[in-house]
Amino acid sequence: HFVGADPRVALRDDASAAAVMAVDAQLTAIDRRSRRGPWTERVLRLIASHPRVLAATLAATLGEETRDFKVSVRKLKALGLTVSCEGGGELSARGGAVLCLRDQSGRS
């Protein structure tokens, strides 16, 4: 039954400068804590360049297990950076803005 609106919808539509800078800092912290090293930008760029492609296909591109890749994507989705679609996922407005910020700052 319906329990309310999905809070990720509001997040993925918020591409304001403040929101994008805040989530960029969160991604940096996630990468810093990760045992496998920085991965957030790599996964975002892969999704951006292959929208609506199945997770199994994208995972194979990175040499990862599908299950592990999906866990990563769910973490990005919780921050409002990706949107699930039929046949795969794509970046939200916020996800695109984060990559734009990183391109502009020369951190990619």
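In this text the structure is predicted, and so the values were computed from the model without any measurement.

Caption draft 1: Local environment of the pairing of strand β1 (residues 82–85). Two strands pair when backbone bridges link them, and β1 and strand β2 (residues 88–91) are joined in this way by 4 bridges, in the antiparallel orientation. What sits directly across from C85, in β2, is G88. Linking two consecutive strands that pair antiparallel, namely β1 and β2, is a turn of 2 residues; a positive phi of about 85 degrees is found at G87 within it.

Caption draft 2: Region of interest: helix α2 (residues 17–33). Compared with an ideal rise of 1.5 Å per residue, which puts 17 residues at 24 Å, α2 spans 25 Å between its outermost C-alpha atoms and is within 8% of the ideal. Looking only at α2, the buried set comprises A19, V20, V23, D24, L27, A29, I30 and D31. Here the buried face of α2 lies against α3 (40–49), α5 (66–78) and α6 (93–105).

Caption draft 3: Quick peek at the packing of α2 against α6. The geometry of α2 relative to α6 is characterised by a closest axis approach of 9 Å and an angle of 75 degrees between their N-to-C directions. As far as their axial angle goes, α6 and α2 are roughly perpendicular. Between α2, through A19, V20, M21, V23, D24, L27 and T28, and α6, the contact on the second element is made entirely by R94, A97, V98, L101 and R102. Here the residues of the contact of α2 with α6 are counted per class, giving 8 nonpolar, 1 polar and 3 charged.

Rules of the game
- Residues numbered from 1 in each chain as written.
- Predicted model: local features only at pLDDT ≥ 70, side-chain atom pairs only at ≥ 80, totals over all residues.
- Heavy atoms only, no water.
- Pairing = 2+ DSSP bridges.
- Helix = DSSP H or I, 4+ residues; strand = E, 2+ residues; numbered from the N terminus.
- Expected span 1.5 Å × (residues − 1).
- Buried < 20%, exposed > 50% of the residue type's maximum accessible area, 1.4 Å probe, protein only.
- Contact = heavy atoms within 4.5 Å.
- Axes fitted to C-alpha atoms, helices over the stretch in contact; angles between N-to-C directions.
- Parallel < 35°, antiparallel > 145°, perpendicular 65-115°, else oblique.
- Nonpolar A, V, L, I, M, F, W, Y, C, P; charged D, E, K, R; others polar.

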